[in-house]
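# What the coordinates show
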Amino acid sequence: MISRSACSSTPTTIEAIAWAEVLVRRRFLHAAILAPSGQWLVQHAPDSPVHVLAGPADVVELAAAVQHRIRSARPRTR
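All of the points below concern the structure found in this document. Sequence order sets the numbering: in each chain, residues are counted from 1 along the sequence as written. It should be noted that, the model being predicted, local features are given only for residues of pLDDT at least 70 and side-chain atom pairs only at 80 or more, the latter also being counted only at that level, while totals for whole chains, interfaces and linings use all residues. Just so you know, side-chain values use all the structure's heavy atoms and leave hydrogens and water out.

## Examining the pairing of strand β2 (residues 40-43)
When DSSP finds at least two bridges between two strands, those strands are taken to pair. For the purposes of this entry, the term helix denotes a DSSP run of H or I that reaches at least four residues, the term strand denotes a run of E that reaches at least two, and both are numbered from the N terminus. Direction of pairing for strand β1 (residues 31-34) relative to β2: antiparallel, over a ladder of four bridges. Looking across to β2, one finds that Ala31 is bridged to Gln43. Between β1 and β2, which pair antiparallel and follow one another directly, the connecting turn spans five residues, one of which, Gly38, has a positive phi of 95°. Two elements, β2 and strand β3 (residues 50-53), share four bridges in a ladder whose sense is antiparallel. Across the sheet, the residue bridging to Trp40 is Leu53, located in β3. Connecting β2 to the antiparallel partner β3 that follows it, the hairpin turn spans six residues.

Structure follows, in structure tokens:
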């Protein structure tokens, strides 16, 4: 996996929308909504507080953190 700091381009809104849809569809988030200001409102569960993410880079970082958590939780068998 390439770290975000190693990439030369910043995430676009379209990329953040795609990741947000995946996170909600796979139930890692309850909701992810793009606000008119460009900020993202995310909620992990129906009764949890709403968190504000500054922009697309934060959504992509959240997706990377979820991927890392999933991959590190798997038992390593080869």
